[in-house]
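If you want the building blocks of each chain, they are given just below.
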Amino acid sequence: MTEAFPNGKTPQHVLGPPAPAAVFLVLTVRSGAEAEAKDFLGDIAGVVRSVGFRAREDHLSCVTGIGAELWDRMFDAPRPAGLHPFIEQRGDVHTAPSTPGDLLFHIRARRMDLCFELARQLVGELGDAVSVVDEVHGFRYFDERDIMGFVDGAENPEDQEAVDSVFTPTGGDDPASSTYVIVQKYTHDMAAWEALSVEDQEAAFGWYKLSDMEFPDEDKAPNSHLILNTIEDEDGIEHKIVRDNMVFGSVESGEFGTYFIGCAADVSVTEQMLENMFIGNPRGTYDRILDFSTAQTGGLFFVPSQDFLDDPDGELAAAEPSDAQNDDPASASARVEETDPPNPASADDPAPADDSLGIGSLRRRDQ
Ligand code: HEM
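Residues numbered from 1 in each chain as written. Predicted model: local features only at pLDDT ≥ 70, side-chain atom pairs only at ≥ 80, totals over all residues. Heavy atoms only, no water.

> Explain the overall build of the protein chain to me, please; I cannot follow it from the model alone.
For the protein chain, the helix and strand inventory stands at 11 helices and 14 strands. Burial status across the protein chain gives 54% buried among its 367 residues. Contacts in the protein chain between residues at least 24 apart in sequence constitute 79% of all its contacts with a sequence separation of at least 6. Only carbon and sulfur atoms are counted for the fraction: they give 49% of the accessible area of the protein chain, which is about 15900 Å². (Helix = DSSP H or I, 4+ residues; strand = E, 2+ residues; numbered from the N terminus. Buried < 20%, exposed > 50% of the residue type's maximum accessible area, 1.4 Å probe, protein only. Contact = heavy atoms within 4.5 Å. Areas by Shrake-Rupley, 256 points an atom, 1.4 Å probe, with all protein chains shown as cover.)

Structural data, given as structure tokens:
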């Protein structure tokens, strides 16, 4: 059952318990096919419903993200405040590359056959309007572990904290109830990683392997994954993201990997983490796990509300007069963070759009 936020906007199905199966599809849209792709955004929920209806208990969902270049080609309106091409991070030793991507489909379910069928249908309907530039079939590994052997996701925020971390509030610079997703495909040098002692592996993360517990702060190395991914502002407030990494691999090719996916209302939080990991904090103190993990892809996508996806032009038109409303402190009373956590939108049962509140302005942030 889908619920809208009190601001009337229904988010896409971004939050939810980890699904056992996922397909990550990154597509580029052919030049000249922008209108076709835009029309298709409104059809996605129906395709998800058609495929998922036959196995409702297996919770098929699809989160759709739009890349910066496609936004510019598709819409006259300026980009949402945090949407720009993925920022490459070139450290002294390791690089996070920026790779092509106009659309992201993050498909999840309890069964891979549902994910696969949805991927097939979506790409089939888009036809030659798109090219698939990356396709990863991810699976949940033992005890929620990544292929490096560590439980992955334990520090994710939950409930209201997750909602606040992920969804843009009403009245801000971004369309409300949206999020920003960063994806990266990592491959691992498993032979080198497995040659390390368990103690050295644990030191790389700052995390105990068997017990799934965090090291005490004083024992975490400056180049550990946990230290570099803990982001605090000057007031000591920690800023979190929500991750839903999946394992993928092939014994035939020897490719073993982690598909990283991180969502945040403020994309600069995820970007700061990437800078810390690749450039280092301070510079040169880069993330030890990168000595065993190579980022092969990198993309940033804007994930609008379900209402936007169903009717982008209608939502953009509705955003225009809401600018004045956003300057009205009264509109802040509908802020998402002051509400109970919703049951996030499930694309297989979208609630009817409610345009009673604006989706926020599309002004760029002053930086
Ligand atoms: C924590 C694995 C990439 C952000 C962790 C943990 C593991 C892990 C095992 C500890 C348990 C937990 O999930 O909370 C990996 C692997 C990656 C990867 C295998 C890819 C090779 C990334 C990237 C980012 C990131 C690219 C950010 C851009 C975080 C954050 C935490 C975390 C924020 C929790 C920190 C905290 O709250 O203390 N990761 N991760 N990870 N990771 Fe990663």
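> Please explain a nonpolar patch on the surface as it appears in this structure.
Taken together, the side chains of Phe139, Tyr141 and Phe142 define a hydrophobic patch exposed on the protein surface, amounting to about 300 Å² of accessible area. Its place among the elements puts Phe139 in strand S6 (residues 130–139). Under the relative-accessibility criterion, Phe139 is labelled partly exposed at 33%. (Patch = residues over 30% accessible without salt bridge, like charges linked within 9 Å, V, L, I, M, F, W, Y side chains within 5 Å. Salt bridge = Lys/Arg side-chain N within 4 Å of Asp/Glu carboxyl O.)

> Would you mind showing me how to read the packing of helix H1 (residues 34–41) against helix H4 (residues 112–126) here?
A pair of packed helices can be characterised by two numbers: the angle between their axes and the separation between those axes. Here H1 crosses H4 at 140°, and the two axes come no closer than 10 Å. What the angle tells us is that H1 and H4 run oblique. As H1 packs across H4, the resulting crossing turns out to be right-handed. In this structure, H1 uses Glu36, Ala37 and Phe40 to contact H4, whose residues at the interface are Leu122, Glu125 and Leu126. When its residues are assigned to classes, the contact of H1 with H4 shows 4 nonpolar, no polar and 2 charged. (Axes fitted to C-alpha atoms, helices over the stretch in contact; angles between N-to-C directions. Parallel < 35°, antiparallel > 145°, perpendicular 65-115°, else oblique. Left-handed = near helix turned anticlockwise from the far one by under 90°. Nonpolar A, V, L, I, M, F, W, Y, C, P; charged D, E, K, R; others polar.)

> Teacher, can you tell me more about the site of the ligand here?
Around the ligand, the structure places 29 residues, and the nearest of them are Gly153, Glu155, His225, Leu226 and Arg243. In the model, an oxygen atom of the ligand is placed 3.3 Å from a nitrogen or oxygen of the Ala154 main chain. Separating a nitrogen atom of the ligand from a side-chain N or O atom of His225 is a distance of 2.9 Å. Where the shell around the ligand is concerned, the elements lending two or more residues are strand S7 (179–188), helix H8 (225–228), strand S12 (255–264) and helix H9 (267–278). (Near = heavy atom within 4 Å. Polar contact = N/O pair within 3.5 Å; in protein donor to acceptor, adjacent residues only side chain to side chain.)

> In this structure, what is going on with the pairing of strand S14 (residues 299–303)? I would like to understand it.
Every other side chain in a regular strand lies on the same face of the sheet, so the side chains alternate between the two faces. Within S14, 5 of the 5 residues are buried, which leaves the element mostly enclosed by the surrounding structure. Going residue by residue along S14, you find Gly299, Phe301 and Val303 tucked away on one face and Leu300 and Phe302 tucked away on the opposite face as well. With 5 bridges connecting them, S7 and S14 associate as antiparallel partners. By the bridge assignment for S14, Thr179 is matched with Val303. (Pairing = 2+ DSSP bridges.)

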